[in-house]
Amino acid sequence: MGGAVRRAWLSRTARLAEKPERGAALLVVIGIGLVLLTLVATAMTFSVSGSLKATGDQNWNGAMAAAYAGIDEYESRLANDNTYYRFGNPAAAFSSGSTLITPAAANPAFGTGATGGWASVAGSDGTASFRYEVDNSAYSSSGVLRIRSTGRVGTKTRSVVANLKQAGFIDFLYFTMYEIQDPVQSGVTNLSCADTYAWAGRPAPSGGWSVCSDVAFGGGDVVNGPVHSNDTIRVCDATFNGKVTTGNPGAVGANYLRRTSAGSNCGGQVFNGGLPTNSPVIAMPATNASLRGETRTDAGVAEPGCLYTGPTSIVLNSGGTMTIRSPWSRATRVVGEPATSGSSPAACGMPGTGTGALGSSGGATVPVLEANLLFVQSVPLLTADPNFRSDTTWPTGQSAATCAAGNGIGFPRSNENVASIPTSYGCRHGDAFIKGTLAGTMTVATDNFLYVTGDIIYADTAVDVLGLVAQNALWIWNPVCAGSGCPGGGGALLPDNRRIDAAMLSLDHTVQVQNNDRGGSQGVLTVNGSLAQKYRGIVRVTNSSGVNGYSKNYTYDPRFRYIAPPKYLSPVAATYGVSLLVEVSSAFTAAGALVP
């Protein structure tokens, strides 16, 4: 019995001893489980948080891409309709001060506010969208449109502001359609010369002077800015310090000619911006009549410009005024096209011959047409036009004898040689004669010639801008004395050296120095701005009498990358480019509400 009891007692004791060990093991298992559970929960939390952050980052970046897509979509609309700048949502906060109308075909991107629309980004299946607001308040004065585009993806929105400027002739310091002398000046009547590019079959020089009067760069010409010619350029001993492009489709290095105007081989070419590269042909508009339309009071123009008739002289005064003499002008703003009635606001100067009037000997002094233009037209032929005069009637102080001697406002000068300009100084022609110091922003356009009769200088090169647009030739007036009454036997009547701060454009002809083949060397012609023309204008000629005219010092006005003179003409094919792009604070929430 004693052994059995002892064994039972030991067995119970052992079982009692096992229970604490089992409890401890259970606690260990539970603890490890809690640790693993915590780790799993932490990992899940981190994973979910990371997923949310990744999604947020993706949406954040996607919203910016959607904002850019809005800019691109608006540019495409402008490319398809170059009048689309007129459309927008007048209620948009960003459009305050603009003149906008709602397009006939609804554009969801013009939405604003919580109930306004959003346009879907193509290919995003509706997950990305944008809306934009247009500011065209500075379009007339600078050619720049501002657009604020807001992109949206999920709950994220981002906004960017872009300045859009139409590609134009002022993108180049120098632009020509054809690298030949204006046929009106050269006398070349070969029909295969006019309006034919050298790379498209224009006759090549055949010994001596070119068959078509091709003109070469040379004589130490220095061009400080971008250059484009639709034609094949000839270059000798000239330096280009900017990018040069040509419509010639040949390979780089083979798309220009190392030849003189006569066709002889030459050297000395320097292209510091790289050899000429190919770029598409740029077409000029056929007429600048649209600018005359800016003087109509019935054409929806917010602030019409001024219309002058017949020969008109303009002296720019440094104080922000201009003195205008225009004896043939009656109505300086008109109604209709062709005009049927008109008015004579004081801002344009009062017609007539009284003191301070347009027809007086001293002309009328008025403020510069800030952010606007003036247009000079020939005397109209339609009797209903308010500026019409018959062939046998003249303004007070003018007469048949006056017209026979010149244009009635001082041109030509006594003993001036005018043989180089057929039909010069017609007394009924829409010619402008301009010089002086400009304080303001303005464009001057004519339906005939435009003469730069002296230096044109900006009072403030940071803010002043001038555009000069001639339907026919734009002349650097260079009167040369001819005849027995000339002092010293003849020569130039103006001092040496000239400066022109302006963007200059001749649609049908050329920008050229008058009497470039006589009068001797006259120093340097400095152009600060832009020059565009249909045919090459001649500035300097070396002949049997020696060197005549001016050497060139042309420098591009870098502001023309971002702005243009008021209402300046652009090429036929309108394209816009982004001249400035910045991110700004988001304009709208994802729900569409305006962010204060």
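Residues numbered from 1 in each chain as written. Predicted model: local features only at pLDDT ≥ 70, side-chain atom pairs only at ≥ 80, totals over all residues. Heavy atoms only, no water.

S.K.: Explain the sheet that holds strand β3 (residues 144–153) to me, using residue names and the numbers behind them.
M.R.: Taking strand neighbours across the sheet as the criterion, the five strands line up as β1-β2-β3-β4-β32 in an open arrangement whose pairing is antiparallel. Where the open sheet ends on each side, the last strands, each with one partner, are β1 (119–120) and β32 (576–584). Relative to β3, strand β2 (residues 128–135) runs antiparallel, the two being bridged by eight bridges. Residue E133 lies in a different strand from β3, and its bridge partner there is R148. (Pairing = 2+ DSSP bridges. Helix = DSSP H or I, 4+ residues; strand = E, 2+ residues; numbered from the N terminus.)

S.K.: Please set out the pairing of β2 residue by residue, giving values where relevant.
M.R.: For β2, the tally of buried residues reaches eight of eight residues, placing the bulk of the element in the interior. In β2, alternate side chains face the same way, and those of A128, F130, Y132 and V134 on one face and S129, R131, E133 and D135 on the other are all buried. Pairing analysis gives two bridges linking β1 to β2, with the strands arranged antiparallel. Paired with S120 across the two strands is S129, which belongs to β2. (Buried < 20%, exposed > 50% of the residue type's maximum accessible area, 1.4 Å probe, protein only.)

S.K.: So what's going on with the side chain of R536? Which residues, and what values?
M.R.: Within the secondary structure, R536 sits in strand β29 (residues 521–536). Of note is the side chain of R536, whose polar atom sits 2.9 Å from the side chain of Y174. One polar contact links the side chain of R536 to the main-chain carbonyl oxygen of V215, over a distance of 3.4 Å. (Polar contact = N/O pair within 3.5 Å; in protein donor to acceptor, adjacent residues only side chain to side chain.)

S.K.: Give me unusual backbone geometry: which residues, what numbers.
M.R.: Residue E337 is joined to P338 through a cis peptide bond whose omega torsion reads 5°. Of note, the amide linkage connecting F411 to P412 takes the cis form, showing an omega dihedral of 5°. Secondary-structure assignment places P412 in the loop between α5 (400–405) and β21 (432–438). Residue D195 is not a glycine yet carries a positive backbone phi of 55°.

S.K.: Explain empty space enclosed by the protein to me, using residue names and the numbers behind them.
M.R.: Going through the model one piece at a time under the given rule, you end up with two cavities of 30 Å³ or more. Quantified by volume, the largest cavity comes out at close to 70 Å³. Broken down by element, the lining of the largest cavity gets its largest block of residues, three residues, from β29. Counted by class, the lining of the largest cavity contains six nonpolar, two polar and two charged residues. Volume-wise, the second largest cavity comes out at about 40 Å³. (1 Å grid on protein atoms, 1.4 Å probe; cavity = no way out; pocket = protein on both sides within 12 Å on 5 of 7 lines; lining within 4 Å. Points joined across faces, edges and corners; volume = space filled by probe spheres on them. Nonpolar A, V, L, I, M, F, W, Y, C, P; charged D, E, K, R; others polar.)

S.K.: Talk me through the layout of surface pockets; I want residue IDs and the actual numbers.
M.R.: By volume, the largest pocket amounts to about 1300 Å³. Breaking the lining of the largest pocket down by element, the ones donating at least two residues are α2 (139–142), β4 (156–166) and α4 (289–292). Class assignment for the residues of the lining of the largest pocket results in 17 nonpolar, 19 polar and six charged.

S.K.: So what about the state of the cysteines? Which residues, and what values?
M.R.: What the rule picks out here adds up to four disulfides. Note that C193 is cross-linked by a disulfide to C212, the S-S spacing being 1.9 Å. As the torsion about the S-S bond is roughly -70°, the C193-C212 disulfide counts as left-handed. Linking C193 in the loop between α3 (183–186) and β6 (216–217) with C212 in the loop between α3 and β6, this pair joins segments that are 19 residues apart in sequence. As far as burial versus exposure is concerned, C193 and C212 are alike and both buried. (Disulfide = S-S within 2.5 Å.)

S.K.: I'd like a description of the pattern of salt bridges, backed by residues and values.
M.R.: Enumeration according to the criterion identifies 18 salt bridges in this entry. Among the salt bridges present, the one from E73 reaches R77, with a minimum N-O distance of 2.7 Å. Linking E73 with R77, this pair stays in helix α1 (residues 2–80), spanning four residues, or about one helical turn. Relative accessible area serves as the criterion here: at 24%, R77 is assigned to the partly exposed category. Ionic pairing is found between D195 and K534, a salt bridge with its closest N-O pair at 3.6 Å. Separated by 339 residues along the polypeptide, D195 in the loop between α3 and β6 and K534 in strand β29 bring together distant segments of the chain. According to the relative accessible area criterion, D195 is partly exposed, its value standing at 40%. Given a relative accessible area of 17%, K534 falls into the buried group. Each of the salt bridges in this network shares a partner with another, and the network as a whole consists of R202, D214, D231 and R234. (Salt bridge = Lys/Arg side-chain N within 4 Å of Asp/Glu carboxyl O.)

S.K.: Describe the confidence of the model for the protein chain, listing the residues and the values that go with them.
M.R.: Regions with low pLDDT carry predicted coordinates that are not meant to be interpreted in detail. The predicted model of the protein chain has a mean per-residue pLDDT of 88, with 89% of residues at 70 or higher. In this model residues 12–17 is a low-confidence stretch, pLDDT under 50, and it forms zero contacts with partners more than four residues away in sequence or in other chains. (pLDDT = per-residue confidence, 0-100. Contact = heavy atoms within 4.5 Å.)

S.K.: How would you summarise the nonpolar core if you had to cite specific residues and measurements?
M.R.: In this structure, L374, V444 and L468 are the most contacted members of the largest nonpolar core, which totals 83 residues. The greatest single-element share of this core, amounting to eight residues, is contributed by strand β28 (residues 498–513). Non-local contacts of V444, meaning those with residues more than four positions away in its chain, are made with I314, L374, A432, I434, L450, L466, G467, L468 and V469. M64, A67, A119 and V153 belong to the second-largest nonpolar core, a separate cluster that totals 25 residues. (Core = buried A, V, L, I, M, F, W, Y, C linked by side-chain atoms within 4.5 Å.)

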